[in-house]
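Observations on chain architecture
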Amino acid sequence: MKNNISLKKNFILSTLYQILTLILPFITAPYIARVIGSGGIGIYSFTNSIQMYFSLFIVLGTASYGSRIISRNRENEKERSKLFWEIELLTIFTSIICLIIWSIFIIFNDKYKIYFIILTMNLLNSTFDISWFYTGLEQIKYTVIKNAFFKLVGVVLLFTLIKSPNDLALYMIIMCLTSLLGTMSMWIYLPKFLKKVKIKELKVFRHFKETLVYFIPTIATSIYTILDKTLIGLITDSTNENGYYEQATRILDMLKGISFTSLNTVVGARMSYLFAKNKIDEMHQRLDTSINFLMFIGFGIMFGLIGVANKFVPVFFGDGYDKVILLLQILSPIVIIIGISNCLGSQYYNPAGLRAKSAKFIIAGSVINLILNLLLIPRLYSYGAAIATIIAEMTITILYIVFSDGFLTFKKLAKFSYKKIISGLIMLIIVYLISFININNIILIGMQVAIGIMTYGIILLLLKDEFTVNVLKSYVLDKIFKNKKEKQA
C-alpha cells in the first residue's frame with residue numbers, strides 16, 4: 001500500500017474537522033434554541049438517547065477493535081481487505097437483529113412514534129459507518145472531507161427550512177439524513193484500499209468475542225453519556241429539563257472536540273502501530289506530549305467556561321435557559337477528567353490490548369453513576385445528573401491512572417498541571433471582574449475571551465511552563481528566525 005502517512009497532516013485535518021464541528025453548532029444552536037425551544041430540544045434529546053442504545057448494539061465494539069486490528073495489518077493489503085469485510089458483515093448481522101427489535105419497539109410506542117421512525121436513519125448510519133477502517137489506515141482525510149461537506153449542507157437546510165417548534169420532525173430529518181449521507185460517501189473510496197476477497201475465505205464470527213470485549217466498556221460508558229438523559233426524561237417527566245441538560249452537554253462535547261478528540265483519533269491509531277513494533281519508549285513520549293497538551297487546553301477551557309457562563313448562556317441560547325449556566329459550571333471539569341481517561345484508553349489500554357482491563361474500571365464508574373443518578377435526579381433534576389457524571393468520571397480516571405503501569409502517574413500529572421491551574425485561576429478572577437463592566441453583552445463576552453486567553457498564556461510564560469515555552473519556541477520563534485535567515489540569504 002503506497003500511502004505517505006503523516007501524523008502531523010492527519011492531526012491538522014482532524015483538528016480542522018473538529019473545529020468545524022465546533023463552529024457549526026455555535027452558528028446553529030442559538031437559532032435552534034430559540035425556534036425549537038427547550039421542550040423540543042428535550043424531546044430530541046430523550047428520543048435520541050433511546051435510539052443510541054440500539055446503535056451501540058449494532059456496532060458492538062467494532063469502532064475501537066476495527067481501528068486497532070486494521071492498524072496492525074495495514075501493510076498487508078489482502079489481510080486488511082479480509083478483516084474489513086469480516087467486521088463490516090458482522091455489523092450488518094447485528095444491525096438486522098437490532099432493526100427488527102427497533103421496529104417492534106416503534107409499533108408498540110405511541111408517544112413520540114414519528115420521531116423514533118425518523119431516528120431509524122441513525123441506526124443505518126451506525127451500520128454503514130466505516131470511519132474505523134480509515135482511522136486504522138491513518139487516512140483521516142477520507143473521513144472528514146465529505147462529512148464536512150454534508151454538515152455544511154445541513155446548516156443551510158436548518159436556516160432555510162426550520163421556522164417554528166412545529167418543525168421539530170423536519171429538524172431531526174435534516175440532522176439524521178446529512179449524517180447518513182456523510183457516512184455513505186466514505187464507501188466511494190474503498191476500492192483504493194481493498195482487494196477482492198472470496199466469500200468462502202471470510203470468517204465473520206471469529207471477531208464476535210473480541211468486539212464484545214470492546215463493547216463492554218462502550219455500553220458501560222453509555223450509563224453516564226446516554227442513560228442520564230433517559231433517566232432525566234423518565235424521572236422528571238420534563239422535556240425542559242432534558243433540553244437544559246442537552247444544551248449544556250452539547251457545549252461540553254464541542255469543547256471536548258477541541259481538547260482531545262482529534263488528538264486521540266490520530267495518535268491512537270499510531271500508538272497501535274508503535275505497540276505492534278514494540279516501540280515502548282516512543283509510546284511514553286507521545287502520551288506525555290498528549291497529556292501535557294490536554295492540560296494546557298483543558299484548564300484554559302475549564303476556568304474560561306466557568307468565568308463566561310453567566311454572560312454567555314443568555315446571549316447564546318436566549319431567554320429560558322438560565323439553568324444551563326450552573327450546569328456548564330458543574331460539568332466544566334469534565335473536559336480534563338474525561339480527557340485523561342480518553343488519552344490513556346486510546347493511547348495505552350487500547351493499543352496494548354488491555355481493553356478488558358479498562359472495561360472493569362468503566363463498569364465501576366458506571367455503577368456509581370447509575371446509583372447517583374437514581375438518588376440525585378429526583379431531588380436535583382438535571383443538576384443531579386451533572387454531579388453524578390463528574391463523580392463517576394473522576395472514579396474512572398483515577399483507576400485508569402493507578403493501573404496504567406507507569407504510563408501516567410499522579411506525580412507526572414501534577415507536574416504537567418500545577419502551573420496551568422495557577423494560570424487558569426488568575427484568568428478566572430480577571431474574567432469574572434470584567435463581567436461587571438456595563439457594556440453590550442456580546443462585546444463583553446468577546447473581551448472576556450480575548451483577555452482571558454492572553455492572561456492565561458502570559459502567566460504560563462511567566463511561570464516558564466515547559467509545554468507553553470516549547471510551543472512558543474517550536475512554532476513561533478523558530479519560524480521567525482528561519483524567515484529572517486531566508487531573507488538574509
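Reading the values: rules and limits
- Residues numbered from 1 in each chain as written.
- Predicted model: local features only at pLDDT ≥ 70, side-chain atom pairs only at ≥ 80, totals over all residues.
- Heavy atoms only, no water.
- Helix = DSSP H or I, 4+ residues; strand = E, 2+ residues; numbered from the N terminus.
- Expected span 1.5 Å × (residues − 1).
- Buried < 20%, exposed > 50% of the residue type's maximum accessible area, 1.4 Å probe, protein only.
- Patch = residues over 30% accessible without salt bridge, like charges linked within 9 Å, V, L, I, M, F, W, Y side chains within 5 Å.
- Areas by Shrake-Rupley, 256 points an atom, 1.4 Å probe, with all protein chains shown as cover.
- Salt bridge = Lys/Arg side-chain N within 4 Å of Asp/Glu carboxyl O.
- Lys, Arg positive; Asp, Glu negative; His and termini not counted.
- Charge placed at Lys NZ, Arg CZ, Asp CG, Glu CD.
- Core = buried A, V, L, I, M, F, W, Y, C linked by side-chain atoms within 4.5 Å.
- Contact = heavy atoms within 4.5 Å.
- Phe/Tyr/Trp six-rings, centres within 6.5 Å; stacked < 30°, edge-to-face > 60°.
- Lys NZ or Arg CZ within 6 Å of the ring centre and 35° of its normal.
- Axes fitted to C-alpha atoms, helices over the stretch in contact; angles between N-to-C directions.
- Left-handed = near helix turned anticlockwise from the far one by under 90°.
- Nonpolar A, V, L, I, M, F, W, Y, C, P; charged D, E, K, R; others polar.
- pLDDT = per-residue confidence, 0-100.

1. A closer look at helix 8 (residues 141-161)
Taking 1.5 Å of rise per residue, the 21 residues of helix 8 would be expected to cover 30 Å, and the 30 Å separating its terminal C-alpha atoms lies within 8% of that figure. Of the positions making up helix 8, those classed as buried are Tyr142, Thr143, Val144, Asn147, Ala148, Phe150, Gly154, Val155 and Leu158.

2. Considering a positive patch on the surface
Together, Lys78, Lys195, Lys198 and Lys200 give the surface a local cluster of positive charge. Its location among the elements puts Lys198 in the loop between helix 9 (168-185) and helix 10 (208-225). Its relative accessible area of 51% is what places Lys198 among the exposed residues.

3. Here's the deal with the nonpolar core
One recurring pattern in soluble globular proteins is that nonpolar side chains are buried together. Counting 97 residues, the largest nonpolar core has Tyr171, Met295, Phe317 and Ile340 as its most contacted members. When residues no more than four places from it in sequence are discounted, the contact partners of Tyr171 are Ile32, Ile36, Tyr44, Leu158, Ile162 and Arg250. Within the second largest apolar cluster, 17 residues are counted, among which are Phe133, Tyr134, Leu190 and Tyr214.

4. Describing the packing of aromatic side chains
A complete count under the given rule lists 35 aromatic pairs for this structure. The residue whose ring lies beneath Lys323 is Tyr383, and the NZ or CZ to ring-centre distance is 4.5 Å.

5. Describing the packing of helix 11 (residues 227-236) against helix 16 (residues 355-380)
Close contact between helix 11 and helix 16 brings their axes to 10 Å; oriented N to C, the two are set at 35°. Here helix 11 runs over helix 16; the crossing is right-handed. Between helix 11 and helix 16, the contacting residues are Leu227, Asp228, Leu231, Ile232, Ile235 and Thr236 on the first element and Leu370, Asn373, Leu374, Ile377 and Pro378 on the second. Classifying every residue of the contact of helix 11 with helix 16 gives eight nonpolar, two polar and one charged.

6. Description of the confidence of the model for the protein
Here the protein shows a mean pLDDT of 85. Residues at 70 or above account for 89%. Predicted confidence in the protein is weakest over helix 20 (residues 466-488), with a mean pLDDT of 63, and strongest over helix 5 (residues 113-118), with 96.

7. Description of the environment of Met175
As for its position among the elements, Met175 is in helix 9. Each C-alpha atom of the pair Met175 and Gly154 lies 6.8 Å from the other, and the pair is 21 residues apart in sequence. Each residue touching Met175, except ones within four places of it in the same chain, is listed here: Tyr44 and Leu158.

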